[in-house]
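Structural features, examined
So the chains spell out like this:
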Amino acid sequence: MSTGTSIRLRPYEVALLRGGPRAAVTVAVVALHLRGDVEAGRPGRLRTSEASSEAAGQAPPPQTPQAPASSPVPLPPLAEAVRAALARPAGLPQVRDHADVRAALAELRADLRAAGLLRSFPPHRTRTARRALDALSAEHPLPTSRKGLPESDALMAVALYGEPALHVLVPRFALRAGLITRAEVTEGKGFHSRSPRGGGTGGTAYSCGGGGGGSD
């Protein structure tokens, strides 16, 4: 979708505008999970699939020299940074605070500021950005099922809607990895929610991180 600016909004930018750094990192985690690169480890933690195979004592798949190697699809900078941050299992807050991830987020913010979608002082989205998000929400309603949904649309749904989309698209992974809150029952008090180790998605209010921020 073109917003009439110099930047075409991808799920990572959409998530950053909607929910701040945590939302953008969550989209990157889901993108890596859908590729088979990242899975949930211990409750509230993430790990790469390679780490999972080593933990299970599995050997890597044999090479097939007869078949020509296909060039892997390059990852966007934020997703690549998140994968690098998971050289060891970590929770989402630790991934977000990794130096490479912070640098990739800073680059995203700079692009959005240059496109007139993000203000520096105070650090939140502009009116143009709000209109762009409204237009994208109209084009991409919250899905009711993952069946038949292209990966690009799944990522856009997570970027636009956060936890509600995670509940629909990757509920087990999101819960185990600490991307969504879990409901508990307290005697005599009914249900309430708490964040598992690793926290939630950061809600719908934008905060650019590093101090400051705010919601509309």
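Before any of the text, the structure's been laid out above.
Residues numbered from 1 in each chain as written. Predicted model: local features only at pLDDT ≥ 70, side-chain atom pairs only at ≥ 80, totals over all residues. Heavy atoms only, no water.

What follows is about the layout of surface pockets. Here the largest pocket defines a volume of roughly 220 Å³. Lining the largest pocket we find Arg10, Pro11, Tyr12, Ala31, Arg35, Val73, Pro74, Leu75, Pro76, Glu151, Ser152 and Leu155. Residue assignment for the lining of the largest pocket shows that the elements contributing at least two residues are α1 (11-19) and α8 (151-161). At three residues, α8 tops the list of elements feeding residues into the lining of the largest pocket. (1 Å grid on protein atoms, 1.4 Å probe; cavity = no way out; pocket = protein on both sides within 12 Å on 5 of 7 lines; lining within 4 Å. Points joined across faces, edges and corners; volume = space filled by probe spheres on them. Helix = DSSP H or I, 4+ residues; strand = E, 2+ residues; numbered from the N terminus.)

All right, on to helix α2 (residues 21-34) then. Between its first and last C-alpha atoms α2 spans 20 Å; for 14 residues at 1.5 Å apiece the expected length is 20 Å, and the two agree. In terms of burial, α2 is a largely internal element, 12 of the 14 residues being buried. For α2, the set of buried residues is Pro21, Arg22, Ala23, Ala24, Val25, Thr26, Val27, Ala28, Val29, Val30, Ala31 and Leu32. Positive backbone phi, approximately 85°, marks Gly36, located one or two places after α2. (Expected span 1.5 Å × (residues − 1). Buried < 20%, exposed > 50% of the residue type's maximum accessible area, 1.4 Å probe, protein only.)

Attention now goes to the nonpolar core. Counting 57 residues, the largest nonpolar core has Leu78 and Val82 as its most contacted members. Take this core: its biggest share by element is nine residues, from α2. Leaving out residues up to four positions away in the same chain, Leu78 has contacts with Tyr12, Ala24, Val25, Ala28, Val101, Ala104, Leu105 and Leu108. (Core = buried A, V, L, I, M, F, W, Y, C linked by side-chain atoms within 4.5 Å. Contact = heavy atoms within 4.5 Å.)

Below, the discussion takes up the pattern of salt bridges. Applying the stated criterion across every chain yields a total of six salt bridges. With its nearest N and O atoms 2.6 Å apart, the salt bridge here joins Arg10 to Glu13. Exposure remark for Arg10: the relative accessible area of 37% places this residue in the partly exposed category. Ionic pairing is found between Glu39 and Arg47, a salt bridge with its closest N-O pair at 3.3 Å. Judged by relative accessible area, Glu39 falls into the partly exposed class, the value being 25%. Exposure remark for Arg47: the relative accessible area of 23% places this residue in the partly exposed category. Overlapping salt bridges, with partners in common, bring together Arg35, Asp37, Glu80 and Arg83 in one network. (Salt bridge = Lys/Arg side-chain N within 4 Å of Asp/Glu carboxyl O.)

What follows is about unusual backbone geometry. Here the amide bond leading from Phe121 into Pro122 is cis, since omega sits at -10°, within 30 degrees of zero. Here Pro122 is to be found in the loop between α6 (99-114) and α7 (127-139).

Their axes nearest at 9 Å, the elements α2 and α8 cross at an angle of 155°. By the criterion of interaxial angle, the relationship of α2 to α8 is roughly antiparallel. The element α2 and its partner α8 pack so that their crossing is right-handed. On the side of α2, the interface is formed by Thr26, Val27, Val30, Ala31 and Leu34, while α8 contributes Glu151, Ala154, Leu155, Val158 and Ala159. (Axes fitted to C-alpha atoms, helices over the stretch in contact; angles between N-to-C directions. Parallel < 35°, antiparallel > 145°, perpendicular 65-115°, else oblique. Left-handed = near helix turned anticlockwise from the far one by under 90°.)

Our focus in this paragraph is the side chain of Ser49. In this fold, Ser49 is placed in helix α3 (residues 49-55). Side-chain polar atoms of Ser49 contact the backbone oxygen of Gly36, separated by 3.0 Å. (Polar contact = N/O pair within 3.5 Å; in protein donor to acceptor, adjacent residues only side chain to side chain.)

Distances and angles like these do not, on their own, reveal function.
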